[in-house]
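Chain residues, written in single-letter form:
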Amino acid sequence: DYGFLNGDERINDAARFLAGELVPTQHFYPPFFNYLNGVALVALFGFGLVTDMWSNTAEFRQAYFSDATPFHLAARYLTAAIGALCAPLFFSCARRVGLNLMMSFGVGAAAAVLPLAVFMAKTAKGDTALAFACLAVVWAFLWRIDAEKPMRWNIVIGITVALAFGFKQSALLVLGPLALAM
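On a predicted model such as this, the values are computed, not experimentally measured, just so you know.

Q: How should I be thinking about a nonpolar patch on the surface in this particular structure?
A: The grouping of Met-151, Ile-155 and Ile-159 at the surface amounts to a nonpolar patch, some 330 Å² of accessible area in total. Tracing the sequence through the fold places Met-151 in helix α9 (residues 150-167).

Printed below as a string of structure tokens:
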């Protein structure tokens with residue numbers, strides 16, 4: 001089992017997570033994205049039960065080894081959904097920095113169709129989720145600036161920073177300079 005159709009997709013680690021292996025065998029990236037992909041595979045299992053693709057976990061497992069395409073698609077749909085969440089965050093950030101409604105809508109729409117965003121959302125890897133989490137940190141920081149009770153936003157910033165590092169350690173390249181700016 002090589003575990004992938006694309007070298008960067010580690011669907012087998014998500015499957016191993018569902019089998020109880022919480023710490024992956026490879027340590028290139030933190031395991032949080034594997035956990036999310038595991039949730040996508042649970043959704044796929046439920047979908048397969050309803051549509052008679054399989055009737056139990058043994059058939060589900062066999063389907064993975066027979067043709068892993070549905071498993072990859074489930075993880076890719078999750079990645080695309082996470083990427084789509086960037087558009088409202090971009091919109092909200094644009095509004096927060098003072099752009100009018102139409103310009104903010106344009107920013108959100110552009111984020112939804114940027115070629116790199118679309119390209120990265122088609123592969124089940126943590127880069128799209130990392131971009132979302134880093135953007136969430138910026139979003140939370142923008143809300144914290146004028147907050148009457150900044151402690152709440154400090155907590156949200158802490159959660160989003162942890163989320164970003166849960167996807168990839170390269171979050172440091174974005175969040176390090178942002179931390180210095182704070």
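Q: Help me understand unusual backbone geometry in this model?
A: Phi is mostly negative for residues that are not glycine, and the peptide bonds are mostly trans. Backbone geometry places Asp-52, a non-glycine residue, at a positive phi of 60 degrees. Position of Asp-52 among the secondary structure elements: in the loop between α2 (32-50) and α3 (57-66).

Q: Quick question: what am I supposed to make of the packing of helix α1 (residues 11-18) against α2 here?
A: Geometrically, a packed helix pair is captured by the angle between its two axes and the distance between the axes. Contact geometry of α1 with α2 gives a least axis separation of 8 Å together with a crossing angle of 75 degrees. Comparing the axis directions of α1 and α2 gives the class roughly perpendicular. Contacts between α1 and α2 involve Ile-11, Asp-13, Ala-14, Ala-15, Phe-17 and Leu-18 from the first element and Asn-34, Tyr-35, Asn-37, Gly-38, Leu-41 and Val-42 from the second. Class assignment for the residues of the contact of α1 with α2 results in 8 nonpolar, 3 polar and 1 charged.

Q: Is there a simple way to explain helix α4 (residues 69-84) in this structure?
A: Since one α-helical turn is 3.6 residues long, residues separated by three or four positions face the same way. Given a rise of 1.5 Å per residue, 16 residues ought to cover 22 Å, and the 22 Å separating the end C-alpha atoms of α4 matches this to within 8%. Of all the residues in α4, the buried ones are Phe-71, His-72, Ala-74, Ala-75, Thr-79, Ile-82 and Gly-83.

Q: How do you make sense of the nonpolar core when you look at a structure like this?
A: Considering soluble globular proteins, one finds that nonpolar side chains tend to be buried as a cluster. Counting residues in each nonpolar core, the largest one holds 23 residues, and the members touching the most others are Leu-130, Cys-134, Ala-164, Phe-167, Ala-171 and Leu-175. In terms of residues, this core owes the most to one element, helix α8 (residues 127-145), which gives 11 residues. Among residues more than four places away in sequence, those in contact with Leu-130 are Ala-164, Phe-167, Lys-168, Ser-170 and Ala-171. Among the nonpolar cores identified, the runner-up in size contains 14 residues, and Leu-41, Leu-44, Trp-54 and Ala-124 belong to it.

Q: What is the right way to read the packing of aromatic side chains from this model?
A: Each aromatic ring pair is described using two quantities: the centre-to-centre distance and the angle formed by the ring planes. For the structure shown, the criterion picks out 11 aromatic pairs. Considering the side-chain rings of Trp-54 and Phe-60, the 4.9 Å spacing of their centres and the 70 degrees angle between planes classify their relative orientation as edge-to-face. With respect to burial, Trp-54 and Phe-60 carry one shared label: buried. Consider the rings of Tyr-64 and Phe-65, whose centres lie 5.1 Å apart with planes at 80 degrees: the pair is edge-to-face. A relative accessible area of 11% places Tyr-64 in the buried class. Pairwise contacts between aromatic rings join Phe-45, Trp-54, Phe-60, Tyr-64, Phe-65 and Phe-71 into one cluster. Directly above the ring of Trp-143 sits Arg-96, whose terminal nitrogen or CZ lies 3.9 Å from the centroid.

Q: So what exactly am I meant to see when it comes to the packing of α2 against α4 here?
A: Contact geometry for α2 and α4: axes closest at 9 Å, N-to-C directions at 120 degrees. Crossing angle aside, the handedness with which α2 passes α4 is right-handed. Contacts between α2 and α4 involve Phe-33, Leu-36, Asn-37, Ala-40, Leu-41 and Leu-44 from the first element and Pro-70, Phe-71, Ala-74, Ala-75, Leu-78, Thr-79 and Ile-82 from the second. Across the contact of α2 with α4, the residue classes break down as 11 nonpolar, 2 polar and no charged.

What counts, and at which threshold
Residues numbered from 1 in each chain as written. Predicted model: local features only at pLDDT ≥ 70, side-chain atom pairs only at ≥ 80, totals over all residues. Heavy atoms only, no water. Patch = residues over 30% accessible without salt bridge, like charges linked within 9 Å, V, L, I, M, F, W, Y side chains within 5 Å. Areas by Shrake-Rupley, 256 points an atom, 1.4 Å probe, with all protein chains shown as cover. Salt bridge = Lys/Arg side-chain N within 4 Å of Asp/Glu carboxyl O. Helix = DSSP H or I, 4+ residues; strand = E, 2+ residues; numbered from the N terminus. Axes fitted to C-alpha atoms, helices over the stretch in contact; angles between N-to-C directions. Parallel < 35°, antiparallel > 145°, perpendicular 65-115°, else oblique. Contact = heavy atoms within 4.5 Å. Nonpolar A, V, L, I, M, F, W, Y, C, P; charged D, E, K, R; others polar. Expected span 1.5 Å × (residues − 1). Buried < 20%, exposed > 50% of the residue type's maximum accessible area, 1.4 Å probe, protein only. Core = buried A, V, L, I, M, F, W, Y, C linked by side-chain atoms within 4.5 Å. Phe/Tyr/Trp six-rings, centres within 6.5 Å; stacked < 30°, edge-to-face > 60°. Lys NZ or Arg CZ within 6 Å of the ring centre and 35° of its normal. Left-handed = near helix turned anticlockwise from the far one by under 90°.

Honestly, that's just the spatial picture; any functional story needs more than this.
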